[in-house]
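Structure at a glance
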Amino acid sequence: MDKLIEKGLTLGISLGAGFVASKVFDFAWEQITGEEPPKNDEVDAVDIKRALVFGVTSAAVSAAVQVLSQRGAKASVQKISKSYGAKSEV
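These notes cover the structure that comes with them. Since the structure is predicted, the reported quantities are computational estimates derived from the model, not experimental observations. (Residues numbered from 1 in each chain as written. Predicted model: local features only at pLDDT ≥ 70, side-chain atom pairs only at ≥ 80, totals over all residues. Heavy atoms only, no water.)

Moving on, we come to the overall build of the chain. When helices and strands are counted, the chain shows two helices and zero strands. Residues classed as buried in the chain amount to 14% of the 90 residues present. Sequence separation of 24 or more characterises 69% of the internal contacts of the chain that already satisfy a separation of 6 or more. Working note: accessible area of the chain is about 7,000 Å², and carbon and sulfur atoms make up 63% of it. (Helix = DSSP H or I, 4+ residues; strand = E, 2+ residues; numbered from the N terminus. Buried < 20%, exposed > 50% of the residue type's maximum accessible area, 1.4 Å probe, protein only. Contact = heavy atoms within 4.5 Å. Areas by Shrake-Rupley, 256 points an atom, 1.4 Å probe, with all protein chains shown as cover.)

Here's what the structure looks like:
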């Protein structure tokens, strides 16, 4: 049952963290470059260098969020397990 709880927490944490991280990343992109982040509807208007930099940095942020959310969920499940004993009744 702990694996199910861990997967649920990972999903919730990663969705929330992903949303926040994308908003922060878009804001940082605008502050650094002075332009809106490139989106799908603007494919032809963006040069390849800018699109590649955006894609690589966006992927790095996403990967970091995924790893950190998995670690956070695992730590939370361990904390909950210790609080309620070795076996949960759920």
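A few words now on the layout of surface pockets. Within this model, the largest pocket holds a volume of roughly 150 Å³. Lining the largest pocket, in full, are Ser14, Gly18, Ala21, Ser22, Phe25, Asp26, Lys39, Phe54, Ser58, Val61, Ser62 and Val65. If you list the elements that add at least two residues to the lining of the largest pocket, you get α1 (2–33) and α2 (48–84). In terms of residues, the lining of the largest pocket owes the most to one element, α1, which gives six residues. (1 Å grid on protein atoms, 1.4 Å probe; cavity = no way out; pocket = protein on both sides within 12 Å on 5 of 7 lines; lining within 4 Å. Points joined across faces, edges and corners; volume = space filled by probe spheres on them.)

Everything listed here is a matter of geometry and, on its own, says nothing about what the molecule does.
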